[in-house]
Amino acid sequence: LDEADRMLDDGFAPDIKEIVGQCAPGRQTIMFSATWPDEVKKLASQLMKDNVVHINVGSLDLSANSRVAQTVEVFSGPGGGSKRTKRLYEVLHKYHGSTGCKNRVLLF
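Just so it is clear, the structure is predicted and the values come from calculations on it, not from any experiment.

*Asks:* Looking at this structure, how should I read the nonpolar core?
*Replies:* Grouped together as the largest cluster of nonpolar side chains are nine residues: L8, A13, I16, V20, M31, V40, L43, A44 and L47. Of all elements in the fold, only α1 (4-21) and α2 (38-47) reach the threshold of two or more residues within this core. When near neighbours in sequence (up to four residues on either side) are disregarded, L8 contacts A13, I16, V40, L43, A44 and L47.

*Asks:* Sorry, what's going on with the environment of D5 here?
*Replies:* Relative to the helices and strands, D5 resides in helix α1. What makes D5 buried here is its relative accessible area of 6%. Here the alpha-carbon distance between D5 and V40, two residues 35 residues apart in the chain, equals 6.0 Å. Not counting chain neighbours up to four residues away, the residues in contact with D5 comprise S33, T35, W36, P37 and V40.

How each quantity is defined
Residues numbered from 1 in each chain as written. Predicted model: local features only at pLDDT ≥ 70, side-chain atom pairs only at ≥ 80, totals over all residues. Heavy atoms only, no water. Core = buried A, V, L, I, M, F, W, Y, C linked by side-chain atoms within 4.5 Å. Buried < 20%, exposed > 50% of the residue type's maximum accessible area, 1.4 Å probe, protein only. Helix = DSSP H or I, 4+ residues; strand = E, 2+ residues; numbered from the N terminus. Contact = heavy atoms within 4.5 Å.

Listed below in structure tokens is the structure:
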């Protein structure tokens, strides 16, 4: 789970628990996040097995930058690649289209 802290903090815990409940008992669960607040650690510990390995790179005192707006656009449904490509261009223009715009866009 990437950005696991945001997913858990934003109320997706019931959905994550349902998905984990349908996984094989021998599953491997990996959570990635740049920040890991204590309240989210507690919630994540309910989803993990007993033999948890925690790997931390850098300081534990990190926090998310409040000046960064995060927007999720989900591209799905019928229409194939051409519709998704058109929608991608629309989204890029929306957030990064103006001349001299200093927004940064990260796509997955």
